[in-house]
Amino acid sequence: MTTAVRTRGSQRTGIDWFLTFIRVVLLSVVVFGLFAFVWQQFDNQNPLASRINPDATGLTADQFKGLLVTGLSQGAMYGLIALGYSMVYGVLGFINFAHGEVFMLGAFSGFITSTQLDAAGWWEDYFLASVFFSVVVAILVSTTAAVVMEKVAYRPLRGSPRLIPLITSIGVSFFIQNAVIVLFGPGAKSYPRLPEWLTDRYSILTFEIEGTKILVLVAAAVSMGSLWFFVERTKTGKAMRAVAEDREIAALMGIDVNKTIVTTFAVGGAMAGVAGILWGLLFKSVIATTGFLPGIKAFTAAVVGGVGNLGGAMAGGVSLGSAEALAPLVLLEPLGVNGVSQLRDAVAFTLLVLVLLIKPTGLFGEKLSGDDRA
Amino acid sequence: MSDITTQVDDTIDTIEELTRGAFDLNWNRVLRFGNLLGLALVFIALSGMPVGLDEREIVDGVISLGYLALLTFPPILGWTVGKEIVLEGMSATKRGARDVVAGAFVGALGGLWMSILVLLVDNFNLRDPLVNWSPALLTLMTFSRSTGFGLVSWIILPGVLGAAGASLHLLTPRLRRAVMAMVLTVISVSIFQSLIDDLVGGIGESIADPGRLSEFFGEGDTPRPRVDSVFDGLIDFIYAQRGGLTVAGAIALALVAGALSLAGRGRIAKAKASYNAKTGPERTRQTAIMIAVSTVLLIVLPFFTGRITQDLLANVGIFLLLALGLNIVVGLAGILDLGYVAFFAVGSYSIAILTVTDPPKSWPDWLPTLDGQFGWLLALLITVVIAGVVGLFIGAPVIRMRGDYLAIVTLGFGEIIRILLLSDWLGGYFNAAQGITNIPGADFGPLGEAKGINPRSIFYLVLVFAAISIYVSWRLEHSRLGRAWMAVREDESVAEAMGINTVNVKLMAFVVGAVLASFAGAVVSAKVGSVFPTSFLILVSIIILVVVIVGGMGNILGVLAGSFVLIGVLGGPRQPGLLAEFSEYKLLIYGALLVWMMLQRPEGLIPNVRRSRELHQDEFLQDAWLKGEVDPDDDHEGPATEVAPA
């Protein structure tokens, strides 16, 4: 499925002009929105603002920081999920659409463990130990889910046309989502109450940050660090990189490709499990469809950062999270769009289109094996 | 495909067969299948399916749909465990007691899981996370008797069923077909109860009182007075009072089906082969006769059926329209468009806004006022144009992307369109979450009006659009454009080297798909009379995808079969099917079906010949090579049998 790359100097067709037009329109919306925002910050009765957005108030510094922190902490979770997409895409060259469901299973198992611990009275008394235990359970569940998925649904399809495993993964995602609905009921499940020291706000570098968000950011950083160590400094990580580079040559070098692929799924699943628990602690509830949108957005983050590039995935997640939190208020509101908070998801998807149109290899470059580069 | 399988079957007879002892089993395989069965049974039990479906009887007093959901699995896995792939030139194992023993072990092992579940449900309460962990489940699992009875019977019953499934291996293919026909007839006659009851009753009433038919040309909404149908006796014999078949009816049906299958002796297959063998004008004539007969049958059908059946068929037709469109995009051009529902939404909203008499509250001044001044047909024309343009706009940015990126980006577009329709920002145009209501029906002037309160008119509307779409799909598939689509699907670089403008060809697929989806949107607006953003979730795209894939990508007949079987029986995202009780579980089943089809039969139930050859290229080459028909280094053209034997 190699796409024809238009070489420089070849004939520009109608579609190229159209694509250029879309790029220009999208970029000018961004630039114009930023301009309107900045002007509005200085003077919210300026001629432009009074014309297109008469009740503009602008954002206070605290609001802006609050949005940024929210965006960053959500983005950190997108990043953690994106790692799974990115690694699997790097190794197998296909989008594991069901990875969002792996994340959801992590959040769900976290809900079950934490409520059981809460019922036993341990959640309040030994909070840190309980959270640690929940994280371990979530990692186990998510890892198992990812590995089973690989074994049952994807391994038999290795080597088939590219879209076949993608369609299968859509089916897997659909199945897991609805299996959770029929087993555990369709309603939202609430996590137990968090201790006060976690819900309080702390002031760090003039930023007022809730404890949960600090926890999310720290946990994401720790997970990312250990993943980096695993991939770059251990032998298994080296094998993973080799398989991602060229599966056949790696096999010739004596690397067990199947085992490495399973490891890749497992590590991706573990990251998604951590993200699931963090999601539960941050938003305090989980439903069966929790995995769908964050899953797609995490894929977007992986593309934004450059597929196959682990640092890129994390950076992409953080940028996507902050763009999603800030763009509606910073770009769209000054342009006179009302009800901007409804458009958050649309902003994320538009960002995906924008990145693919302007820099298809992502902000930090793709790391893919020869066949998958396009 | 079929000629190759028969080839393999022939060789089995000629090669000396191995005989092995009854307990000389492949224990690993037995254990794996048994545990798989156990997992499936426990999952189904905990999903609440058996309890929820227990109300619906299959055979009155013998088995309900709930038990059927559990008990179909032991025979199937008992059969599968004995399946063997016989390689060319290898000896096949002789079928014998060994297979039955394996089936029994698989069934019993799976049943053991259920026995353990019975014990657990009896002694622990896990209702907190698992919502279906209830006394009702225990009652069902113990067959309303003591726990001990449940424990023992859950080992014996699946064991026996597994053995029964496995013993099918011992029968001759003809007998096996007869047994399958018996089982399937009983189950499907029971599942199709409301449809058969309605249809047979309607025909019977018309025979009893032929004058009734003439009344129907008038207003269709007047309820018909009940007349004694001539088939009342038959219906009462087959179906029990509280739903499901009577025992006598089930036995009679099974006997009739078995006898027909034995008497038929593969006549259907022969007729099909002779039809396929024909060429030229004779084949055209036969095709024309078949199409004419089915058209006449479909036109007269609503005279004999009630509103519910007509409504059901209209829903099937709407999803058929959508599936035909997606079939062009995914099946022919090989573009995985996951945001297909966007075009459906665009079609529904466009025609709604163009025909509605009271436009959205804050309809902007700079747009022409809308008060339904367009006729329905003109509005449809504009809708088609809008859908085509949206197809171009969504298609253009994604057309050069990798196939899998394209899938996610189109999914994103599908969500963007839904979010925009739902947003307050564009609420002036689309009424946000309130949606657009009071949409008038499709007005065809002297021919009458098709609207929701008259399901028969909607049925005909759907029929006309389905006919148009099928014709368009069929002509396109065999046109220059259709061949270009298939070339792009199979290898884009080669297609480009052959002089195909791949970008334009793919864009055309998007546009044609969008137009067919807008037809469905127009029909839905006329049928339901209102549109809401919540009707256009990604879920809809995925269900249409399942319909296309299960039916057979790239094959119109396959898509037809897929929509009838899936939408008709299980139902659409919101529309009930014949198994209305399944509504809670249908999405689960859709997901499972999608995975299962991709793993076992990616070409679908009724495959497109070229597509399935593409998916099984290795096997085709291997078979041909084994028969010495091709040089392995040479890519061969056409099916293996067309090559002259060496």
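Now for a quick tour of the structure. (Residues numbered from 1 in each chain as written. Chains lettered and ligands numbered in written order. Predicted model: local features only at pLDDT ≥ 70, side-chain atom pairs only at ≥ 80, totals over all residues.)

**Quick look at the overall build of chain B**
Right, on to step 1. A tally of helices and strands in chain B yields 29 helices and 4 strands.
Right, on to step 2. Each of the 646 residues in chain B was classed as buried or not, and the buried ones make up 45%.
Right, on to step 3. Restricting the contact set of chain B to residue pairs at least 6 apart, pairs at least 24 apart contribute 75%. (Helix = DSSP H or I, 4+ residues; strand = E, 2+ residues; numbered from the N terminus. Buried ≥ 20, exposed ≤ 12 C-beta atoms within 10 Å, placed from the backbone. Contact = placed C-beta atoms within 7 Å.)

**What about helix H8 (residues 147-167) of chain B?**
All names here are of chain B.
Right, on to step 1. Spanning 21 residues, H8 covers 30 Å between terminal C-alpha atoms, matching the ideal 30 Å at 1.5 Å per step.
Right, on to step 2. Of all the bends in H8, the greatest measures close to 30° and is centred on Ser153.
Right, on to step 3. Within H8, burial applies to Gly150, Trp154, Pro158, Gly159, Leu161, Gly162, Ala163, Gly165, Ala166 and Ser167.
Right, on to step 4. Elements in contact with the buried residues of H8: helix H4 (65-71), helix H5 (73-81), helix H6 (97-123) and helix H7 (135-141). (Expected span 1.5 Å × (residues − 1). Bend = angle between axes of the 7 residues up to and from the residue.)

**Some remarks on the pairing of strand S2 (residues 201-204) of chain A**
Residues and elements named next belong to chain A.
Right, on to step 1. Pairing of S2 with strand S3 (residues 207-210), which is carried by 4 bridges, proceeds in the antiparallel orientation. Residue pairing for S3: Ile204 is matched across the bridge by Phe207.
Right, on to step 2. Hairpin connection of S2 to S3: 2 residues between the antiparallel strands, including Leu205 at a positive phi of 50°. (Pairing = 2+ DSSP bridges.)

**Notes on the interface of chain B and chain A**
Right, on to step 1. Tallying the contact residues gives 48 residues for chain B and 48 residues for chain A.
Right, on to step 2. Examining the composition of the side of chain B that touches chain A, we find that 13 residues originate from one element, helix H19 (residues 403-422) of chain B, more than from any other.
Right, on to step 3. Looking at the side of chain B that touches chain A, its residues break down into 32 nonpolar, 8 polar and 8 charged. (Nonpolar A, V, L, I, M, F, W, Y, C, P; charged D, E, K, R; others polar.)

**Section: helix H4 (residues 99-119) of chain A**
Right, on to step 1. The end-to-end C-alpha distance of H4(A) is 30 Å, a good match for the 30 Å that 21 residues give at a rise of 1.5 Å each.
Right, on to step 2. Looking one or two residues past H4(A), A:Gly121 carries a phi angle of roughly 85°, positive in sign.

**Examining unusual backbone geometry**
All names here are of chain B.
Right, on to step 1. For Ser144, which is not glycine, the phi dihedral falls at a positive 60°.
Right, on to step 2. On the secondary structure map, Ser144 appears in the loop between H7 and H8.
Right, on to step 3. You will see that Asn438, though not glycine, has its phi angle at about 60°, which is positive.
Right, on to step 4. Within the secondary structure, Asn438 sits in the loop between helix H20 (427-430) and strand S3 (442-443).

**Remarks on the packing of helix H1 (residues 14-42) of chain A against helix H15 (residues 344-358) of chain A**
Residues and elements named next belong to chain A.
Right, on to step 1. Between H1 and H15, whose axes approach to 10 Å, the crossing angle comes to 125°. Classified by the angle their axes make, H1 and H15 are oblique. Here H1 runs over H15; the crossing is left-handed. Residues Leu19, Ile22, Arg23 and Leu26 of H1 form the contact with H15, whose own contacting residues are Leu354, Leu357 and Ile358.
Right, on to step 2. When its residues are assigned to classes, the contact of H1 with H15 shows 6 nonpolar, no polar and 1 charged. (Axes fitted to C-alpha atoms, helices over the stretch in contact; angles between N-to-C directions. Parallel < 35°, antiparallel > 145°, perpendicular 65-115°, else oblique. Left-handed = near helix turned anticlockwise from the far one by under 90°.)

**Here's the deal with the packing of helix H16 (residues 307-332) of chain B against helix H21 (residues 455-477) of chain B**
For any two helices packed against each other, one specifies the inter-axial angle together with the distance between the axes.
All names here are of chain B.
Right, on to step 1. Across the interface, H16 lies against H21 with an axial gap of 9 Å and an inter-helix angle of 20°. Classified by the angle between their axes, H16 and H21 sit roughly parallel to one another. As H16 runs across H21, the sense of the crossing is left-handed.
Right, on to step 2. Grouping the constituent residues of the contact of H16 with H21 by class yields 17 nonpolar, 5 polar and 4 charged.

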